[in-house]
Every structure is written in structure tokens, then in C-alpha cells.
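Observations on the three-dimensional arrangement
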Amino acid sequence: MRNKQNEVRQVMVCCGTGCQASGSKQVLEAFITQLQSLEGVEAVASTKATGCNGWCEQGPLVKILPDDITYCLVKVKDVPVIIEKTILGHGIVERLLYRDPISKNRVQSHHQLDFYRKQKKVALRNIGEIDPASIADYMARDGYQAFKKAITMSAQEIVDEIINSGLRGRGGGGYPTGLKWKSCLQQEEKQRYIICNGDEGDPGAFMDRSIMEGDPHTVIEGMLICAMALGASKGYIYVRDEYDLAVKNLTRAIQDAREHSLLGDKIMGREFSFHIELVRGGGAFVCGEETALLASIEGNVGEPWDKYYFPSEKGLWGYPTVINNVETWANIPVIIGQGAQDFAQIGTENSKGTKVFSLVGKVINTGLVEVPMGTTLREIIFEIGGGIINGRKFKAVQTGGPSGGCIPAELLDLKLDFDSLHEAGSMMGSGGLIVMDERTCMVEVARYYLNFLAGESCGKCVPCREGIRHMLEILTRICEGRGRTGDLELLEELAETVQEASLCGLGKTAPNPVLSTIRYFRAEYLDHIENRFCPAGICRNLTRFSIDPEKCTGCGLCKKNCPANCISGERKEVHTIDPQGCIKCGSCIDTCKFNAVLVQQEVGL
Amino acid sequence: MIIIIDNQEVQVSYGDTILDAAQRAKIHIPTLCHHQAFAGQGRCRLCLVEVTEQGRKRIVASCTYPITREITVCTSTPRIEKMRKNLVMFLYKQAPASKLLQSMYRDYECQDNSLPENAGEKCMLCNLCVLACEEMGSSAISLIMRGTEKKVATPYNEASLDCLGCGACAAICPTQAIELTERDGYRTIWNKEFKLVNCQNCGQPYATQEQLAYIESRGPDNEMLHCCLSCRQKMTAQKIKIFT
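What you are looking at is a predicted structure, and each value in this text was computed from that prediction instead of being measured. (Residues numbered from 1 in each chain as written. Chains lettered and ligands numbered in written order. Predicted model: local features only at pLDDT ≥ 70, side-chain atom pairs only at ≥ 80, totals over all residues.)

1. Re the overall build of chain A
To keep things clear, this is the line we draw: A run of H or I in DSSP counts as a helix once it spans at least four residues, and a run of E counts as a strand once it spans at least two, with each numbered from the N terminus. To get the radius of gyration, use the C-alpha atoms; to get the globule rule, take the number of residues to the power 0.38 and multiply by 2.2 Å. For every residue, the other C-beta atoms within 10 Å of its own C-beta are counted; 20 or more classify it as buried, 12 or fewer as exposed, and values in between as partly exposed. C-beta atoms are placed from the backbone. Once C-beta atoms have been placed from the backbone, residue pairs whose C-beta atoms lie within 7 Å are recorded as contacts.
Of regular secondary structure, chain A possesses 23 helices and 19 strands. Compactness check: chain A gives a C-alpha radius of gyration of 26 Å against a globular reference of 25 Å for 605 residues, within 12% of the reference. Over its C-alpha atoms, taken along the principal directions, chain A stretches across nearly 80 × 65 × 40 Å. By residue count, 54% of the 605 residues in chain A fall in the buried class. For chain A, the share of sequence-separated contacts (at least 6 apart) that also reach a separation of at least 24 residues comes to 70%.

2. Side note on helix H2 (residues 24–36) of chain A
The periodicity of an α-helix, 3.6 residues per turn, causes residues three or four places apart in sequence to face the same way. Residues and elements named next belong to chain A. This is how it is decided: Here a helix's expected span is defined as the number of its residues, less one, multiplied by 1.5 Å. Each C-beta atom gives one direction from the helix axis, and the arc is the one those directions make.
The terminal C-alpha atoms of H2 lie 18 Å apart, and with 13 residues this matches the ideal 18 Å at 1.5 Å per residue to within 8%. Where H2 is concerned, the buried positions are Ser24, Val27, Leu28, Ala30 and Phe31. Along the long axis of H2, the arc covered by the buried residues comes to 160°, so they all point the same way. Exposed and oriented more than 90 degrees from the buried face of H2 are Thr33 and Gln36.

3. Quick notes on the domain arrangement of chain A
Residue and element names in this part refer to chain A. This is how the line gets drawn: Those domain boundaries reflect an automatic or database domain assignment. Throughout, the ten residues Ala, Val, Leu, Ile, Met, Phe, Trp, Tyr, Cys and Pro are labelled nonpolar, Asp, Glu, Lys and Arg are labelled charged, and all others, Gly among them, are labelled polar.
Assigned domains within chain A: domain 1 (4–111), domain 2 (135–344), domain 3 (354–437), domain 4 (442–530) and domain 5 (540–601). Distance between the C-alpha centres of domain 1 and domain 2: 34 Å. Contacts between the two partners involve 6 residues from domain 1, matched on the other side by 5 residues from domain 2. Grouping the amino acids of the side of domain 1 that touches domain 2 by side-chain chemistry returns 1 nonpolar, 5 polar and no charged.

4. Focus: the domain arrangement of chain B
Accessible area lost when the parts come together is the quantity often used to give the size of an interface. Residues and elements named next belong to chain B. By domain assignment, chain B separates into domain 1 (2–76) and domain 2 (128–243). Placing the centre of domain 1 and that of domain 2 at their C-alpha centroids yields a distance of 33 Å. At the interface, 5 residues of domain 1 touch 5 residues of domain 2. Split into classes, the residues belonging to the side of domain 1 that touches domain 2 amount to 4 nonpolar, 1 polar and no charged.

5. Some points on helix H3 (residues 99–107) of chain B
Residue and element names in this part refer to chain B. Those residues of H3 that sit buried are Leu101, Met104 and Tyr105. Down the axis, H3 shows its buried residues gathered within 105° of arc, on one side only. H3 presents Lys99, Ser103, Arg106 and Asp107 as exposed residues on the side facing more than 90 degrees away from its buried surface. Lining the buried residues of H3 we find helix H2 (78–94).

6. Here's the deal with the nonpolar core
How we decide: By convention the nonpolar core is taken to be a set of buried residues drawn from Ala, Val, Leu, Ile, Met, Phe, Trp, Tyr and Cys and joined through C-beta atoms within 7 Å.
If you look at the biggest cluster of nonpolar residues, it comprises 222 residues, and the most contacted ones within it are A:Ile225 and B:Leu91. When residues in this core are grouped by element, the largest group, 10 residues, is from helix H10 (residues 216–230) of chain A. Ignoring anything within four residues of it in the chain, the contact list for A:Ile225 reads A:Ala146, A:Phe147, A:Ala150, A:Ile158, A:Ile332, A:Pro333 and A:Ile336. Of all hydrophobic cores here, the second largest spans 11 residues; its members include A:Ile547, A:Cys562, A:Cys588 and A:Ala596.

7. Focus: the packing of helix H9 (residues 207–214) of chain A against helix H13 (residues 326–338) of chain A
All names here are of chain A. Keep this limit in mind: Only the stretch in contact is used when fitting a helix axis, every axis being a line fitted to C-alpha atoms; angles between N-to-C directions are given from 0 to 180 degrees. Orientation labels follow simple angle bins: below 35 degrees gives roughly parallel, above 145 gives roughly antiparallel, 65 to 115 gives roughly perpendicular, and whatever is left gives oblique.
The N-to-C vectors of H9 and H13 enclose an angle of 50°; their axes lie 8 Å apart at closest approach. Taken together, H9 and H13 sit at an angle that is classed as oblique. Contacts between H9 and H13 involve Met207, Asp208, Ile211 and Met212 from the first element and Val326, Glu327 and Ala330 from the second.

8. Side note on the sheet that holds strand E15 (residues 432–437) of chain A
Residues and elements named next belong to chain A. Note the threshold: DSSP-based pairing: two strands are paired if at least 2 bridges between them are found.
Spatially, 5 strands are ordered E12-E11-E15-E13-E14 in an open sheet, and the strand pairing comes out mixed. For this open sheet the edge positions go to strand E12 (367–372) and strand E14 (405–408), each flanked by a neighbour on one side alone. Direction aside, the axes of adjacent strands within the sheet are offset by 30° on average. The sheet contact formed by strand E13 (residues 394–399) and E14 spans 4 bridges and is antiparallel.

9. Examining the interface of chain A and chain B
Listed as interface residues are 29 residues of chain A and, on the opposing side, 28 residues of chain B. Residue assignment for the side of chain A that touches chain B shows that the elements contributing at least two residues are helix H17 (442–456), helix H18 (462–479) and helix H19 (487–501) of chain A. Among the elements that make up the side of chain A that touches chain B, the one with the highest residue count is H18(A) (8 residues). Broken down by class, the residue content of the side of chain A that touches chain B amounts to 14 nonpolar, 6 polar and 9 charged.

10. Regarding the environment of B:Val51
All names here are of chain B. Turning to its location among the elements, Val51 is positioned in strand E3 (residues 48–53). Between the alpha carbons of Val51 and Met104 there is a distance of 25 Å; along the sequence they are 53 residues apart. For Val51, the contacting residues outside a window of four places in its chain are Arg58, Val60, Tyr65, Ile71 and Val73.

11. Observations regarding the environment of A:Val11
All names here are of chain A. Structurally, Val11 is set in strand E1 (residues 9–14). Here the alpha-carbon distance between Val11 and Lys63, two residues 52 residues apart in the chain, equals 6.0 Å. Filtering out sequence-adjacent residues up to four positions away, Val11 remains in contact with Phe31, Ala45, Thr47, Lys48, Val62 and Ile64.

12. Focus on unusual backbone geometry
A negative phi angle characterises most non-glycine residues, just as the trans form characterises most peptide bonds. A cis amide bond links A:Gly59 with the next residue in sequence, A:Pro60, at an omega value of -5°. Along the chain, A:Leu65 connects to A:Pro66 via a cis peptide bond; the corresponding omega equals 0°. You can see A:Pro66 is positioned in the loop between strand E3 (62–65) and strand E4 (69–71). Positive phi values are uncommon outside glycine, yet A:Trp317 reaches one of about 50°. Note on placement: A:Trp317 falls in the loop between helix H12 (290–297) and strand E10 (321–325). Since 11 C-beta atoms lie within 10 Å of it, A:Trp317 is described here as exposed. The residue B:Gln176 is not glycine, and still its phi comes out positive at about 50°. Within the secondary structure layout, B:Gln176 lies in the loop between helix H5 (168–172) and strand E8 (180–183).

Rendered as C-alpha cells:
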């Protein structure tokens with residue numbers, strides 16, 4: 001057995017966007033400079049910057065291998081201690097380990113946490129394990145081996161392999177990737193384009209960003225395999241403009257791949273050339289829609305067109321084009337490398353493989369989670385996510401981004417895949433999961449998303465531009481206490497036209513937040529319209545807070561936190577809220593530990 | 001290839017749009033953003049029809065849907081009429097000052113509802129003016145912004161260097177939303193004033209200097225360029241008389 005004590009320590013500092021924002025760059029520099037001053041450092045330790053580990057809440061994260069130690073919330077001042085105790089002394093700095101909030105025990109490695117243990121990493125397999133700026137790191141983990149294998153396969157074999165894997169597009173549509181490739185392969189036109197859609201725009205979603213930042217070569221390898229199968233010589237990666245680090249890491253990766261003869265002319269000495277160009281997004285959500293994205297690459301306004309021809313038939317500049325999402329591309333090397341059969345064993349009957357979700361909202365562990373298709377919402381939210389913050393009750397989870405839908409507690413055992421989500425009135429989308437607790441007003445949620453979509457509709461077609469505007473108007477008045485009898489029916493009628501008549505996916509799915517909340521939370525809408533009451537206590541015009549004298553212990557916490565200074569009461573005596581001064585911010589109800597703050601109907605409406 | 005539109009057999013070529021085929025067969029499909037000079041845009045969605053293809057029904061925009069196989073088309077179903085009614089209502093609320101939309105709002109028997117109107121607005125954002133300007137070779141105007149902020153404008157709403165004052169945009173506009181005024185030998189459009197040139201024949205102002213200079217720069221001399229439209233018609237008629 002090898003003696004771990006004598007092995008070179010690898011210090012892996014997470015430099016994803018989240019950790020960088022918490023100062024991980026400084027931690028990395030501190031490790032580099034302080035380790036350099038050690039004598040014979042090469043034999044002791046090496047330092048590496050990795051991509052996002054998905055556990056941003058505890059960042060900056062520092063992992064030490066081969067000991068498999070994960071330190072959380074590391075600061076520059078902790079660096080000397082870690083070097084002394086762990087790297088030189090082979091011990092553990094207890095206080096930097098994660099403390100399990102339930103058992104109160106310190107956890108040595110992130111691998112022991114439920115958050116990681118229940119995940120299955122396929123698309124995210126390398127992230128956090130490699131330095132994204134190092135092609136050698138990628139190659140050390142079988143990088144570009146799938147491409148080398150693909151060289152020995154015929155175009156048809158490659159396409160068949162993708163079809164057999166059952167892989168469906170991870171960008172939202174869920175169209176079988178292999179069929180897309182096949183359709184492109186069948187076109188007579190030989191000029192073809194390969195595109196990676198990295199214009200991730202859903203609020204709260206960051207899976208594509210993580211992959212582009214943390215493992216850029218996997219995207220390049222996926223595209224390369226497709227380009228070789230289809231004989232395409234040019235590819236584009238369309239990256240959301242705000243993703244600076246992704247642009248930087250991808251640029252570096254493209255450069256390195258070119259130097260290794262994996263991109264450029266005569267790749268590996270063969271009669272095959274493939275060039276990848278990076279395009280920065282035009283700054284519009286709708287440019288994530290593939291036809292709008294193509295228009296944007298062509299230099300036109302990002303407006304979609306009717307998809308009666310698919311891009312695989314007539315795409316960029318009218319030529320056959322395969323356009324796939326970042327996460328889809330990240331799966332390609334795995335499918336080719338390990339075989340379609342292995343891949344198809346993961347997941348459900350019609351949705352194969354894994355899906356990366358960005359788990360956010362009122363859940364204890366937020367971050368990126370990758371799970372097999374068919375995992376239930378309950379497993380993701382309660383086992384991986386650790387449940388709801390502050391012990392509150394789960395109310396709904398919003399899936400699929402702004403034009404997804406809200407799924408209620410009754411459906412927590414829903415096995416997540418493309419079809420089950422669609423049947424539940426929502427969608428997979430790019431994989432956003434926003435968890436909401438009982439302090440969430442579903443009408444307000446619908447209004448919030450419609451407001452986002454109204455701002456992001458390109459305005460080309462009438463039903464999307466005008467329909468969303470009018471639905472937003474109705475939702476706004478319901479939230480403000482001006483709802484009218486018949487508003488629900490009007491909303492449903494407009495939603496139907498917007499859904500069916502709109503030109504692109506944005507408009508066709510825009511009514512989802514409205515329709516799904518009406519479907520599962522109709523009573524809450526009626527409370528707003530007929531009783532002028534917001535049961536969650538969110539819509540200010542419809543809410544009045546008061547304190548239950550039976551439950552109030554007079555702890556004074558609400559009084560201390562009230563920004564309007566309108567709570568009065570002596571210590572250990574029942575407190576009262578002055579309705580005149582109350583701004584209905586809800587900080588009292590959020591801080592009260594005894595459930596003593598009541599939500600009531602606003603009087604005088 | 002033969003397809004069926006409203007129970008009628010229609011001869012079509014591969015790639016024709018349903019709207020083209022229907023118009024040739026004199027089958028009416030309502031449109032607002034379509035003009036025969038341009039390819040279909042799919043903006044107003046009024047031309048939605050129901051297509052049955054291999055037993056599968058779907059709603060498509062007939063102005064952009066290319067016919068590539070044998071299909072059956074139904075241009076009016078209760079579902080489509082309901083959608084058209086809502087679309088007309090949307091368009092009317094967007095541009096209630098347009099006479100065209102006012103009359104369509106009546107014809108479709110849209111019921112007044114509580115939704116707000118853009119008082120005084122005439123433009124329904126059909127983009128035909130932009131296409132016309134592009135076709136003229138100027139591209140002086142375009143759609144700017146997005147969503148409900150979208151509008152037709154010159155860059156930064158300033159007098160455009162490229163605008164010739166030709167008025168093609170105003171001429172094609174179905175809702176007379178583009179303001180064009182002529183006074184004392186000057187034409188004003190898109191925040192820019194143009195000096196008008198008088199017809200050599202009758203002396204009436206008929207075109208802008210920029211427009212004529214642009215035409216001259218594009219092609220060989222045309223003796224009739226310096227005459228107004230009605231004089232040209234008279235002169236042509238004269239010529240035909242001589243020949244016959």
C-alpha cells in the first residue's frame with residue numbers, strides 16, 4: 001500500500017464565480033506564495049484553481065488531496081494554519097470543517113455529505129476536480145479520449161450511438177439530440193455549422209455557466225465529435241455576455257486545443273478541420289431561443305422565426321446547423337467514451353441520463369445538483385437540499401425557469417423527467433428549481449415571472465408582446481387588491497391564445513406560471529379577488545399583521561427587527577402592532593419564533 | 001403537388017407558403033403584417049390556420065409555413081376564430097387610434113373589457129415600413145427596443161442621414177401611423193425636413209432632392225425622372241398613341 005503521508009498534497013481552491021466573490025482568488029494566491037517559500041515544495045504540495053463545486057454557500061472551498069479534506073469558508077488568514085497543520089503536519093483543522101446542522105458533527109470531506117452523496121455526476125464529472133485552465137488536467141481524466149474513439153467510428157455509428165443513448169436536449173426543449181444530428185446528416189447541403197448555446201438566462205440558473213467555467217474542454221470535445229460526424233468545419237459558442245469567467249476559460253481552452261491539434265486545420269494530421277469561434281451574447285433573454293440565437297450570430301436583431309424548418313435543415317445563414325445546449329454537449333464525450341448503453345441505464349424510460357438542477361430558494365443547501373432523471377422532487381429538496389429553511393412548510397417548487405410552472409406539495413413525489421413535468425403543467429426548462437415556503441404568495445409569484453417575461457419578450461409577435469402585457473396587468477391588479485370577478489376566466493382565455501398563437505417557445509410557454517398557479521392554487525387567487533385577502537401575507541394592500549396575545553411571549557424580537565418602529569410592548573408582555581405605522585414588510589412574522597404573528601385581512605377595503 | 005385548403009384542391013409548388021397558395025386560389029385568410037412584396041413575417045399571427053399532416057393537427061402561421069408535403073388546411077375553425085378575435089383585440093388595444101383596427105375590432109365583435117389601451121397610438125408594429133425602407137436601399141428606420149417598448153424609429157430618434165424622404169414607409173403603412181407633411185415646398189418625415197423638387201412639366205412638387213439624386217446614382221438617365229407621376233402617365237399614354 002502506498003503511504004499517503006508521503007504523497008504530494010494537492011491544494012484545490014475553488015475559483016468558481018461564487019467562491020471568487022467570497023475571496024477565493026486571494027486564498028489561492030496566499031497558498032501559492034506561502035507554499036513557494038517552503039523548501040522542496042515540489043515534493044510537498046501543489047496548488048490548483050478549480051471550477052465551481054456547486055456548494056457556493058460554504059465558499060471559498062479548499063479541498064486537500066489525497067487526504068480528502070474539505071475546508072469551508074476559508075479566509076486568507078487560515079492559510080498558514082492549513083499549511084502547518086494539514087500539509088506539513090497531516091492533521092485536520094477542525095474548525096474549518098463543515099458542521100452538520102442536525103448532528104452538530106464536523107464532516108471531514110464533502111463526499112460524506114448528503115448534498116454530494118446522493119448526486120450522480122456525469123455532465124459535472126470534472127468540475128471541481130480539475131483546473132479549467134489546464135488541458136493536461138482534462139486529459140488526465142480521459143479528456144479527448146472520446147474524440148479519439150470517435151475517429152475510429154463512421155458518421156452513422158456516431159449518430160446512432162447518440163440516438164441509442166436516448167439523450168434529449170438539456171436546454172429546455174428535450175428534443176432527442178441524436179435525431180437532430182441525424183436530420184442534419186441527411187441534408188444534401190454539405191456546408192454545416194455546429195453551435196453551442198451558452199446563453200443561459202433563467203433567473204437563478206447557473207448550470208451552463210458552471211460547466212463553461214469549470215470544464216470548458218468537455219464542451220469543445222462534444223462539439224468536435226459532432227463536427228467530425230457531420231463534416232462541419234465551423235462552430236460557434238454563444239456565451240451570455242455577463243459570463244466573463246466563462247469567456248476567459250473557453251478562450252484559453254480553445255487556444256490550448258488548437259495548440260494540441262484538436263482544433264484548427266488538419267486536426268491530428270487528418271483531412272478534417274474544425275474552428276470554434278466565441279460569440280458574446282446580445283444581452284437578451286430571448287437569444288437563448290435557438291432561432292433568435294442564430295439571428296444574433298448573423299448580426300441581426302435577436303428575433304426568432306417560425307420553426308417550420310428546423311435549424312438542422314435550414315439554420316445559420318440557411319445552412320444545416322446543429323445547435324445544442326452546454327449541458328447536452330458535456331454529455332457527448334461520456335456517451336461516446338463509455339458507450340450509449342451505459343448512459344441509457346441511467347434515468348427513466350423516455351428521459352435518459354442525469355440532469356443538472358440549480359437548487360435555490362428557501363432550501364437549506366443551495367447549489368448545483370446533478371441527479372439521475374426520475375429522481376423525485378422530495379429527494380432533491382429534502383434529502384439533497386436538506387429541507388426548508390427555518391423549519392417552515394414547503395409550499396411549491398418552481399421548475400424550468402421563468403416560463404416553467406409551480407408544482408405543489410401534493411406532487412412532491414413526482415419523478416422528475418421531461419414528460420412528467422410537462423404533464424404537471426410545468427417543464428424541465430434548463431433545470432432551475434426554486435423552492436418556496438408558506439410565506440410565498442402564488443399570485444405574486446405568477447406576477448413576478450410575467451413581469452420578467454414582459455420585459456424579455458422580443459415583441460415580434462402580437463400574442464406574446466400584447467398578451468403577456470395584459471396578463472401582467474390583470475395579475476398586478478389582483479395583487480394590489482383591484483381584482484375583478486371574471487379576472488381568472490379572462491386570464492385563462494388570454495393564456496390560451498398566447499400559448500397557441502405565439503411564434504416561439506418564449507411566448508408559447510409564457511402562460512405556464514399563470515396557468516400552473518391557477519391550477520394548483522385557485523383558492524389563493526379567489527382569496528385575493530373575492531375576499532381581498534393574501535393568505536401568505538405578501539401583497540401589502542391585502543394584508544394586516546397582528547400579534548396573537550395567546551402565543552406572544554414578549555421576547556421583543558419582532559420589536560427589535562421592525563424597521564418602521566411600530567411594534568410596542570414591554571418585555572415579557574404581549575406586544576402589539578400599530579396598523580397605521582406598519583409597512584407590511586413581514587420582518588416580524590419572519591423573525592417570530594413562536595408563530596405569534598397573524599396574517600389577517602386588511603380592513604377597510 | 002396538390003393540397004386541400006377548405007375542402008378545395010389547390011395546385012402548389014414545393015416550398016410555397018400556405019398563404020400564397022390560398023391567395024392564388026382566391027381563398028381568403030386575414031392578414032395584417034403581410035404584403036405581397038415581401039416574404040411572410042409571422043408577426044401578427046392573424047393568418048393562423050389549422051394544418052393536418054399525417055393525421056396530426058397543428059396551428060401554424062400560413063404566411064411562413066412552407067408546403068413540403070401533402071397537407072390539409074382549414075382556414076377557419078371555432079378555435080382559430082377565437083384566437084383571431086383575441087389577436088384583433090390585442091392589436092386594437094395596442095393601436096386604438098387606427099381606423100383599420102377600429103373597424104376590425106367591430107367586425108370581429110370584440111367585447112369591451114377592462115384591459116388598458118395605448119391612447120392615441122396608431123402603429124401596430126407590423127414592420128412593413130422597415131421592410132419597405134430596406135427594399136428602397138436606405139434602411140433608415142428599424143424596430144428598436146423590445147417587448148412592449150418596441151417601436152419603429154431612426155437611430156437615436158434623430159434625423160437620419162440615410163433617409164431620402166421618399167415616403168415609401170408612409171405609403172405602405174396599413175394604419176397611416178407614419179406622419180408625413182408637405183408645406184411650402186418642404187416635406188417633413190422622421191424628424192427631418194426635405195426640399196421638394198417641382199415637376200418639369202406641370203410645376204407641382206413631387207419628390208425630394210435626395211430621392212432623385214439617389215435614383216440618378218443608381219441607374220442610367222431616365223428622361224421621365226424629372227416629371228411627376230401623373231405627367232409621366234400622360235407622357236407614356238402619348239407615346240403609345242404615336243406607336244398605334
